[in-house]
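Summary of the model geometry
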Amino acid sequence: QVHSVESGGGLVQAGDSLRLSCAASGRTFSSKTMGWFLQAPGKEREFVAAVTWVSRTYYTDSVKGRFTISRDNAKNTVYLQMNSLKPEDTAVYFCATHVSGTYYSARNYDYWGQGTQVTVSS
């Protein structure tokens, strides 16, 4: 099992940057694909980015060129560097462990963290 704790969220202005961290526990972390998702009020959880155990990365179109996902297996940590933030990026951001199927669906992930709030003002 891999359990996750997210941090790094906050209130920023449009155009600013934030780096989210996801500290994961569990001996299998280095062999797992990890994903970041966001959830805005009243909406379903949406895919943001994923990083495989060999650091291959996947992004949703709206964040390509602005967000970068990375991992440090020595620290059991996944990062999401978010640049050029926009008000529409406002949401709670979660990380989770991929268990099966495609990387783009929240249904294929487990061991969710509690989330970290990102608020971007215009």
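About the thresholds
Residues numbered from 1 in each chain as written. Predicted model: local features only at pLDDT ≥ 70, side-chain atom pairs only at ≥ 80, totals over all residues. Heavy atoms only, no water. Pairing = 2+ DSSP bridges. Helix = DSSP H or I, 4+ residues; strand = E, 2+ residues; numbered from the N terminus. Axes fitted to C-alpha atoms, helices over the stretch in contact; angles between N-to-C directions. Salt bridge = Lys/Arg side-chain N within 4 Å of Asp/Glu carboxyl O. Buried < 20%, exposed > 50% of the residue type's maximum accessible area, 1.4 Å probe, protein only.

**Considerations on the sheet that holds strand 8 (residues 77-82)**
Strand pairing in a sheet relies on backbone hydrogen bonds, with the paired strands running either antiparallel or parallel. Taking strand neighbours across the sheet as the criterion, the four strands line up as 1-3-8-7 in an open arrangement whose pairing is antiparallel. Either end of the sheet is taken by a strand with one partner, and the two such strands are strand 1 (3-7) and strand 7 (67-72). Direction aside, neighbouring strands of the sheet carry axes that sit 20 degrees apart on average. Two elements, strand 1 and strand 3 (residues 18-25), share five bridges in a ladder whose sense is antiparallel. If you follow valine 5 over to strand 3, its bridge partner there is alanine 23.

**Notes on the pattern of salt bridges**
Tallied over the full model, the rule gives two salt bridges. Close ionic contact of aspartate 61 with lysine 64 constitutes a salt bridge, the shortest N to O distance being 3.0 Å. A salt bridge links arginine 66 to aspartate 89; the nearest nitrogen and oxygen atoms lie 2.8 Å apart. Residue arginine 66 is found in the loop between strand 6 (57-59) and strand 7, and its partner aspartate 89 is found in the loop between strand 8 and strand 9 (91-98); the two are separated by 23 residues along the sequence. Comparing arginine 66 with aspartate 89, the two get one shared label, buried.

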